[in-house]
Protein chains: 2
Amino acid sequence: MGPNMARRSDHSREELYDLALDAAGRIISEEGLRGISARRVAREIGYTVGTIYNVFKNSDDLIDHLNGQTMDRLQAACDGLDPDADAALRLRQLARQYIEFAAAHPRRYVTLFEHQHPMGSRPPDWYHDKVAGLLHIVEAAIAPTLPSANRDEVEAQARVLWAGVHGIISLEGAGRVAGSQQAGDLVGLLIDNFLEAAAKKMG
Amino acid sequence: MGPNMARRSDHSREELYDLALDAAGRIISEEGLRGISARRVAREIGYTVGTIYNVFKNSDDLIDHLNGQTMDRLQAACDGLDPDADAALRLRQLARQYIEFAAAHPRRYVTLFEHQHPMGSRPPDWYHDKVAGLLHIVEAAIAPTLPSANRDEVEAQARVLWAGVHGIISLEGAGRVAGSQQAGDLVGLLIDNFLEAAAKKMG
DNA sequence: ACCAGTAATTGATCACCGTTCAATTAGCAT
DNA sequence: ATGCTAATTGAACGGTGATCAATTACTGGT
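So, how was this worked out
Residues numbered from 1 in each chain as written. Chains lettered and ligands numbered in written order. Predicted model: local features only at pLDDT ≥ 70, side-chain atom pairs only at ≥ 80, totals over all residues. Helix = DSSP H or I, 4+ residues; strand = E, 2+ residues; numbered from the N terminus. Buried ≥ 20, exposed ≤ 12 C-beta atoms within 10 Å, placed from the backbone. Contact = placed C-beta atoms within 7 Å. Nonpolar A, V, L, I, M, F, W, Y, C, P; charged D, E, K, R; others polar. Least-squares fit on C-alpha atoms with pLDDT ≥ 70 in both. Axes fitted to C-alpha atoms, helices over the stretch in contact; angles between N-to-C directions. Parallel < 35°, antiparallel > 145°, perpendicular 65-115°, else oblique. Left-handed = near helix turned anticlockwise from the far one by under 90°. Expected span 1.5 Å × (residues − 1). pLDDT = per-residue confidence, 0-100.

Here we come to the overall build of chain A. A tally of helices and strands in chain A yields 9 helices and 0 strands. For chain A, the succession of helices and strands along the chain, N to C, is α-α-α-α-α-α-α-α-α. Each principal axis of the C-alpha distribution contributes one length, and for chain A these read about 65 × 40 × 35 Å. Within the span of chain A, comprising 203 residues, buried residues form 37% of the whole. Long-range pairs, those at least 24 residues apart, make up 61% of the contacts in chain A with a sequence separation of at least 6.

Below, the structure written as structure tokens:
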């Protein structure tokens, strides 16, 4: 047994981390971000509040890690796709993964955007890395459609698409753009616009 | 003097409403949504917490009204634009208004998206109406570029653009897509994509 | 087997929070 | 002057995030 053996023999640091994140995920799925509190999470895993603060820097850190897990799952969902599909098809498949994920876990998904850091603090580096990882998938997918574009242009278009997808999904989730259109249709249009513009550039 | 005269002769209901929203706006501008609390707003306007609950249903209602004010200002900024400009130009001018507004009042702007309603409750009707008003401006602007599109298509494209702009701005604001690109450039691309796709449809 | 050291765990404590509501008070009409 | 009504207060309730001294459970060394 390593030096990180659990004190109470109950749970190791890592197990505690997983337990807490599972509990937080459960709470968010049922009640949204407002349902989360350090005491609540602690209670649900059979510990007390102090233990949460032993594992996480603070409550924002806990949410960051939950969001990190969410991004990992989005990444995994996208990694399960055929990477050799036709560019346009692949782009639509990627979008479909996001939409399906958001539909299956709406409160988890919206937490990605609802959670803002307190004023002095920025998200940690690993958080940016995870976002970059998701963006990279999109960059790789659109690169073939923009053969004459340089790196910056591909990066920029990926951000436009990614932000657009998130904007559409999260606005729909918040009931802020109630309309006859579903998120899937709107994202479809977003991609159509991109693809047609890209095709035009090729001549 | 009407029947709504102030009791304490200090402030009428409407004045109280304005005072509270001004204070809330000030707090948000300086400290973001986290800085807001009923007691804090009350203190800043020289009243006590109960008075806030006499003017607003609850704290979510207060934020809704603040967001309503924010949307009114966005609307006003857009109304100040030349409505007869060339469609493409007008679209870019509209986008510029959003970007400038977000740059000038970043915390106010992000509150539009950070604030989510508690689970059982939806935003009030007037809130949806204000969103619809903003969308309508975009619809009117893009309609000329899609002469053969029906009402639903115009609606959908307006939502795509609107959500895209908000996605880009709010992601940038949250530091979630740190990159070499500025929001303005990305929104420019979003609009380019739309316009090129629209142009293609015309033949 | 014991003990010292270390890390995990607790729960009290602090200053807040949203929300309610009985009690008070201010201004009005009579 | 006297009610009536609406505005205003502030105490009360059950929470919150965060800190931290005290306790406990385990470790490795002897």
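Still more ground to cover, so stick around.
Next up on the list: the interface of chain B and chain A. Listed per partner, the contact involves 43 residues of chain B and 43 residues of chain A. Among the elements of the structure, helix H6 (106-114), helix H7 (125-142), helix H8 (151-173) and helix H9 (183-202) of chain B are those that each provide at least two residues to the side of chain B that touches chain A. In terms of residue count, the dominant contributor to the side of chain B that touches chain A is H8(B) (12 residues). Of the residues belonging to the side of chain B that touches chain A, the class tally is 19 nonpolar, 12 polar and 12 charged.

Structural alignment of chain B on chain A gives an RMSD of 0.0 Å, achieved by rotating through 180° and translating 0.0 Å along the axis. Given the turn and translation reported, the copies of this chain are related as if by a two-fold rotation axis. In this assembly, 100% of the residues forming the interface of chain B have copies in chain A that are likewise at the interface, indicating an isologous arrangement.

Turning our eyes to something else, we now look at the packing of helix H5 (residues 87-104) of chain B against H7(B). Residues and elements named next belong to chain B. For the pair H5 and H7, the least separation of the axes is 9 Å and the interaxial angle reads 155°. With respect to each other, H5 and H7 are oriented roughly antiparallel. For the pair formed by H5 and H7, the contact residues are Ala 87, Arg 90, Leu 91 and Leu 94 on the first element and Ile 137, Val 138, Ala 141 and Ile 142 on the second. For the contact of H5 with H7, a count of residues per class yields 7 nonpolar, no polar and 1 charged.

Right, let's get into the environment of Asp185(A). In this fold, Asp185(A) is placed in helix H9 (residues 183-202). On a C-alpha basis, the gap between Asp185(A) and Glu153(A) in space is 26 Å, while along the polypeptide they are 32 residues apart.

Moving on, we come to the packing of helix H4 (residues 59-79) of chain B against H7(B). Residue and element names in this part refer to chain B. Running from N to C, H4 and H7 cross one another at 20°; their axes reach a closest spacing of 10 Å. Of the possible angle classes, the one that applies to H4 and H7 is roughly parallel. Pair H4 / H7 crosses with left-handed handedness. Residue-level contacts link Asp 64, Gly 68, Met 71, Asp 72, Leu 74, Gln 75 and Cys 78 of H4 to Trp 126, Tyr 127, Lys 130, Val 131, Gly 133, Leu 134 and Ile 137 of H7. Class assignment for the residues of the contact of H4 with H7 results in 8 nonpolar, 3 polar and 3 charged.

Moving on, we get to H4(B). The terminal C-alpha atoms of H4(B) lie 30 Å apart, and with 21 residues this matches the ideal 30 Å at 1.5 Å per residue to within 8%. Elements in contact with the buried residues of H4(B): helix H1 (13-31), helix H3 (49-55), H5, H6 and H7 of chain B.

Looking at chain A as a whole, its pLDDT mean stands at 91, while 91% of the residues score no less than 70. Confidence drops under pLDDT 50 across residues 1-6 of chain A; counting only partners more than four residues distant or on other chains, this segment forms 5 contacts.

Before going further, it helps to spend a moment on helix H5 (residues 87-104) of chain A. Across its 18 residues, H5(A) extends 26 Å between first and last C-alpha, which sits within 8% of the 26 Å expected from 1.5 Å per residue. All buried positions along H5(A) are accounted for by Arg90(A), Leu91(A), Leu94(A), Ala95(A), Tyr98(A), Ile99(A) and Ala102(A).

On to the environment of Gly184(A), then. Residues and elements named next belong to chain A. Looking at the element boundaries, Gly 184 is found in helix H9. Gly 184 gets classed as partly exposed once you count the C-beta atoms within 10 Å, which come to 17. As for Gly 184 and Gly 80, which are separated by 104 residues in sequence, their C-alpha atoms are 20 Å apart.

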